[in-house]
Each structure stands twice: as structure tokens, then as C-alpha cells.
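Observations on the model geometry
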Amino acid sequence: MFALVDCNNFYVSCERALDPKLEQKPMVVLSNNDGCVVARSPEVKALGIPMGVPLFKIKEEVRKHNILTYSSNYVLYGDLSNRVMKILANFAPELEVYSIDEAFMGVGGFRGINLTAYGLEIRRTVRRWTGIPVSIGFASSKTLAKIGNRVAKKSESGVFDLSTCPDPDSILQKVDIADVWGIGRRLSVWMREHNIHNALQLRDADTVIVRKKMGIVGERMIRELKGESCLPLELCPAPKKETCVSRSFGRVVTELIELKQAVASYTTKASAKLRKQKQVASAITVFVRTSRYTANPSSEALTVPLPVSTNDTTELIHYAMQVTEKMFIPGVPYKKAGVIMLGLIPQSGVQTSLFDHKDRNRSSKLMEVIDQINDRFGAGTINFAIEGIKQEWKMKREKCSPSYTTRLDHLPIALCQ
């Protein structure tokens, strides 16, 4: 048995958890540079506003319905996600964190326990301790647990056990084929061409035909829909093969110094990620691009191998700056840049060079101290000079809520009369 726990309208719920005045008010959370809608409250969904729509296209609806707009506050969302996952870990011996707002729980050994009642207790605890509402679906496979969660979201209790449903076929028949876990837009087109329009029809489809199109993945999907568990919990996430940090600029960048500041800032963030993952990079790629909406859009990318695999920020910035200078073309209106750390390996397996004169023990201690200070007092407490101070190119976040849970100076203040 599996449970899928999904945080409802997660980004919106995070904003509401720290600001109760937002409850029951229509609101959306926007993407980088406050461009597109990436999260909607139930009130906004009821208005028919789709996910991903650019903000400028719904200005009239925003004005007419007094829709509140918020910039994405990923620091807040990440912290609240960690808190939710820690709570869930107390309710099951096995937990797979699937995404920032979803987790699978292994509940196969819970014999004699009413799973619906148990799910309600999980739901109450998460809401009480974090303010985040969740929906929980139980089933005998992960794919069915996903479907059970869809039903739970529409129920009053927020919990649904598909394994005790008297008519599971009616549930599967209502699930559109495009909404089945693992079926994307292109596959759904192929499915419809073969008269497979919902989850029930996929479950009863000819395994041979599906396997010819999707391979073993398709066969496993059919078996999962039949209630046979083919996808075990991933308790230890596989090591990342690459790490990327990229952002769109708040305005066009045409000066080399500003482009270098941006690339250095992204390199700093990527380096910190590597150290948190206990990995080092063997190569670094820097890419820059103009807006795709310009008359002649362009993009450039260069990769440089590193003489010694590293996660040292100063070393990675050094190579990133060399690459940036080579790619920069005066007068080109750059709109986005990013860095990709490639060839990641465990930091314990670094092969040093005979000609390497860097004191790596000392630099490692320096990076450790910087990380500790930034973790304690907030990201960016200590920066490198090359990142700049004003950073006028920085992406727009004009409607960002405070980082209530990670910065002391953002703590809400309670006034007593």
C-alpha cells in the first residue's frame, strides 16, 4: 500500500500560512520576473484563469475581481516544504520526496489500521503545525495512489482510499488519459488515436500494443493500474548528474560588467548547491541569450573543463568569468544567462593534479564558514565583490512576500495593546 500526499495549491498555501488575511481571497503567484501565473487559489481557478497565462493577458480580470498577485518566494516555499516532509516522515517508515509539494509514503505494513482515519490524522497534523492543507490518496500502487489523490482533492475530507472503493472502475473511467501519471501530451494523442481515452481503457488495453510504443514503461503502467506495484519507493535519490542556475534579467543587459556580475551570482548559487549535495563539478558551462521575442534572437554557450574537479566558488567564478568574456558581444541585448555544473562526482572522490598548487583544505574551510553564515543569517549575507552591489539587472520581484521563516529581520511582529 502507498499513500501520495500532495500539498494543495502549494505556493498560494505558503503565502496564506504566514498571512491569514489572504484566506478565501483570489490570488495568484507569478513566475520569475513576475511574468506568468504558476499557482492559483481555488477562487482564481473558479474564474477559469489557466495556469501559465502571462500576467499582462489577464490584467482586466485582475482588476475586475481584485485578484492579489505575488512574486515567487522560493526560499519560503522550500523551507515550508522541508517542514512538511519532516512531519510526514514521522507517520511512515518509508518516505519518497517526489517534488517540492508531493511525497509518497509506504504504508504496506499498517495492518488493521483504518487508512482513511490515519490520513485524516496526518492531514490535521500538517495543517496544525505548518498551516499547509494537504490531500492524501491511498492505493496498492503509486500510479493508483496518484489517481486516489485526485479524488481526495475534490472530496470534503481530503482523504481517499482507492483500495476500499466499491467501484474503482468508475473512478478510473473519469480520469482522462492525459491526466494519468506518466502520460504526456504527445503520448495522450497516440493513446486517443488507439481509442484509449481514460485510465480504465488504458488498464484494459492490449499490453503488446502499448509496449511497442512505450516499452517496458508502458507495460508497468498497465500493471500498476491493475493494482500491481511495479514502482518501488525511491528512498535514496540518485546523485544529480548536473546542476543549473539561470535567471532572466529584470531588464536588458548590454554591458560586460553587468553580465559578469549576473554570471558570478549564478555561479555562487550553483557552487553552494554542489556543496550541499556533497558533489564537485568536472566542467562548467556558461550560456547567454537574448529575448526570444526580438527580431533576431541569439544564444551562446561555452563549456570549459576544470583541471581539478571542485565546488569552490572562487575557482568556479574564475573560469566562468573567462568564458563570459569570450562570449560577450558589445551592443547585444542579453535577456538571460545561466551556468551549468557538469560531470558531477562525490566530493570524496576528487582526483588531484600533480601541478595543482591550490590549498584545497584551506579553501574548503573558507567555503564551509561562508555557507554556515549564509544559512544562519540568510542567503546573500556574504557575497563576492564580482557579484556587484546594486545588481540593477536582477529579475523583478516587486510583489515578493517576506522570508518569514528564514530571516530574522523578516519575522512578523505582534503588537499588544
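Our subject is the structure listed above.
This section reports on the structure supplied with the text. (Residues numbered from 1 in each chain as written. Predicted model: local features only at pLDDT ≥ 70, side-chain atom pairs only at ≥ 80, totals over all residues. Heavy atoms only, no water.)

Regarding the overall build of the protein
Stated formally: Only runs of H or I of at least four residues qualify as helices and only runs of E of at least two qualify as strands under DSSP, and these elements are numbered from the N terminus. Only C-alpha atoms enter the radius of gyration; for comparison, a globular chain is expected to reach 2.2 Å times N to the power 0.38, where N is the number of residues. Only protein chains enter the accessibility calculation, which uses a 1.4 Å probe; a residue is then buried when its area is under 20% of its type maximum, exposed when over 50%, and partly exposed in between. Positive charges come from Lys and Arg alone, negative charges from Asp and Glu alone, with His and the N- and C-terminal ends not counted. Charge coordinates come from a single atom per side chain, which is NZ of Lys, CZ of Arg, CG of Asp or CD of Glu.
Of the regular secondary structure elements, the protein holds 14 helices and 13 strands. For 417 residues, the compact-globule estimate of 2.2 N^0.38 gives 22 Å, and the protein sits close to it at 24 Å. Taking the principal axes of the C-alpha coordinates as reference, the protein spans close to 70 × 60 × 50 Å. Expressed as a percentage of the 417 residues in the protein, the buried residues total 46%. Across the protein, the mean location of the 58 positive side-chain charges is 2 Å away from that of the 43 negative side-chain charges.

Considerations on the side chain of Gln261
Our working definition: Two residues qualify as a contact provided that any one of their heavy atoms is within 4.5 Å of a heavy atom in the partner residue.
By secondary structure assignment, the location of Gln261 is in helix H12 (residues 256–276). With near-sequence residues (within four places) excluded, Gln261 lies in contact with Ile386, Glu387, Gly388 and Trp393.

Comments concerning the pattern of salt bridges
Heads up, the condition is: Salt bridges are identified by distance alone: a Lys or Arg side-chain nitrogen within 4 Å of an Asp or Glu carboxyl oxygen.
Enumeration over the complete set of coordinates arrives at 20 salt bridges. Between Glu43 and Arg16 there is a salt bridge, with the nearest N and O atoms lying 3.0 Å from each other. Of this pair, Glu43 sits in helix H2 (residues 42–46) while Arg16 sits in helix H1 (residues 10–18), and the two are 27 residues apart along the sequence. Relative accessible area serves as the criterion here: at 10%, Arg16 is assigned to the buried category. Notably, a salt bridge pairs Lys142 with Glu96, separated by 2.7 Å at the nearest N-O pair. Of the two residues, Lys142 sits in helix H6 (residues 142–154) while Glu96 sits in strand S5 (residues 94–99), which places them 46 residues apart along the sequence. Judged by relative accessible area, which is 3%, Lys142 ranks as buried. On the basis of relative accessible area, Glu96 is assigned to the buried category, the value being 5%.

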